[in-house]
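Take a look at the letters that make up each chain.
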Amino acid sequence: MQENDIKFLEDTFKKYYFDHFDLIRVPNRTSEREFGFQKFNSGMTRHISIKDDKELHLLLMKNIPSDVYCSNACYSFPNLPMNEKDWKEADLIFDIDAKDINLECRKNHTISKCNECNEISTNMNSCSKCNSIKLEKKSLPCKNCINASKNEVLKLSNILIEDFSIPQNDIHVYFSGNEGFHVYVYNSQFQQLGSKERSELTDYIMFHGAIPETFGMKKIKPNRLTFPDFDEKGWRGRFSKEVYGAKSKRSKIITELIANGYSSFQKTLDDLSDKIGAKIDPNVTMDIHRIFRLPGSLNSKSGLTKVFCTDLTKFDPYLEASFLNEKLVEVIANCPIRFNLKNTKFGPYFNEKVSVPTFAAVYMICKKLATIS
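Residues numbered from 1 in each chain as written. Predicted model: local features only at pLDDT ≥ 70, side-chain atom pairs only at ≥ 80, totals over all residues. Heavy atoms only, no water.

## So, the sheet that holds strand β6 (residues 92–97)
(1) Moving on: The strand order across the open sheet formed by four strands is β6-β11-β10-β13, and the pairing between neighbours is antiparallel. Edge positions in the sheet fall to β6 and β13 (307–308), since each of these pairs with one other strand and no more.
(2) Moving on: Alignment of strand β10 (residues 171–175) against strand β11 (residues 180–185), held across five bridges, turns out to be antiparallel. Across the sheet, residue H172 finds its bridge partner in β11, namely Y184.
(3) Moving on: Across the sheet, helix α3 (residues 143–164) lies against β6, β10 and β11, angled at about 15 degrees from β11, the strand it touches most. (Pairing = 2+ DSSP bridges. Helix = DSSP H or I, 4+ residues; strand = E, 2+ residues; numbered from the N terminus. Contact = heavy atoms within 4.5 Å. Axes fitted to C-alpha atoms, helices over the stretch in contact; angles between N-to-C directions.)

Dropping the structure here:
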């Protein structure tokens, strides 16, 4: 990133943190958390201990970070090296990202930037200018991507509420500031679970590793009476609704399942994981020492804010997570994909000088699709 671009982003981010510090959500037990940050021109700095809002505000103003993070874990000594921190417990956090849902629409709003000659194109295999295969992919997620991510959040929430009796009020959903959502579970029985147990939990939520016997199917002499009923709770109930479709079809479908055999039934279960399992990133949930983007902070991949979703169904990240100002900025934009921010359409731009509001300029510069002119 060019020096002018870094200076512009730092000035804009600093103004945001000065004007919108009220959006920053410092977690409970602040002094037991590990904080970290990145700057636009340097790597990660972590193992930081912060006592309160005042210290956090000072860190933001002094360092002007591109990204700010806080641990899901609580420690006795958060500022010490990892093996000396004395881990106590960790919030349960799930990451749902549009890129992991494999939507067909992504090819329409993903571009590649060549690391050799900086050429930008929609060719995903090789540079259209120099034929290099060293490409950096950039996506400008569409409304369909966000809606698909929301659907996965709703599936996850239903599983947490119905299968684990977690109160709705203890499940907090945040837009990540780029392509998806972070789901936090507070005050649950999972706080002290280790990585292995959290791995098993993610398998359950993703409907991975299901075996036919759990759903009534046996290799020898399967019994019709052991197959799930339509109104059962948990995965057996979800299986029924997805596979039978309706109560009236249950008997006929069971006959077909038995006739097709055990191996075919296992394939049915494997195929179901994509349909009824929640598409979460298991590595994120398993990591009990991870530092997560701080709610209310800016995401350097977009300039959008990680913001709490009060009404997920109606939430529009391109309106409700865009807090930067509307002062016009002149940039050289090479953004071949149209995007929408604050109910305004921008682009496509083909290596041209344009004046756009600061929030749009930051979005394109963060995506490496524009530079200050």
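Moving on from the coordinates now.
## With respect to the packing of α3 against helix α4 (residues 195–206)
(1) Moving on: For the pair α3 and α4, interaxial distance at closest approach is 10 Å and the crossing angle is 110 degrees. Judged on the interaxial angle alone, α4 and α3 are roughly perpendicular. Facing L156, I159, L160, D163 and F164 of α3, the residues of α4 in contact are L201, Y204 and I205.
(2) Moving on: Along the lines of polarity and charge, the residues of the contact of α3 with α4 split into seven nonpolar, no polar and one charged. (Parallel < 35°, antiparallel > 145°, perpendicular 65-115°, else oblique. Nonpolar A, V, L, I, M, F, W, Y, C, P; charged D, E, K, R; others polar.)

## Brief notes about the packing of aromatic side chains
(1) Moving on: Applying the stated criterion across every chain yields a total of 21 aromatic pairs.
(2) Moving on: Both rings, one in F164 and one in Y204, keep their centres 5.4 Å apart while their planes meet at 75 degrees; by these two values the pair is edge-to-face. Note that F164 is positioned in helix α3 and Y204 in helix α4, a separation of 40 residues in sequence.
(3) Moving on: Linked through ring pairs, F164, F190, Y204, F207, F215, F227, W235, F239, Y244 and F265 together constitute an aromatic cluster.
(4) Moving on: Above the face of the F308 ring, R25 is positioned so that its terminal group lies 4.6 Å from the ring centre.
(5) Moving on: The cationic tip of K219 hangs over the ring face of Y262; the distance from NZ or CZ to the ring centre is 5.2 Å. (Phe/Tyr/Trp six-rings, centres within 6.5 Å; stacked < 30°, edge-to-face > 60°. Lys NZ or Arg CZ within 6 Å of the ring centre and 35° of its normal.)

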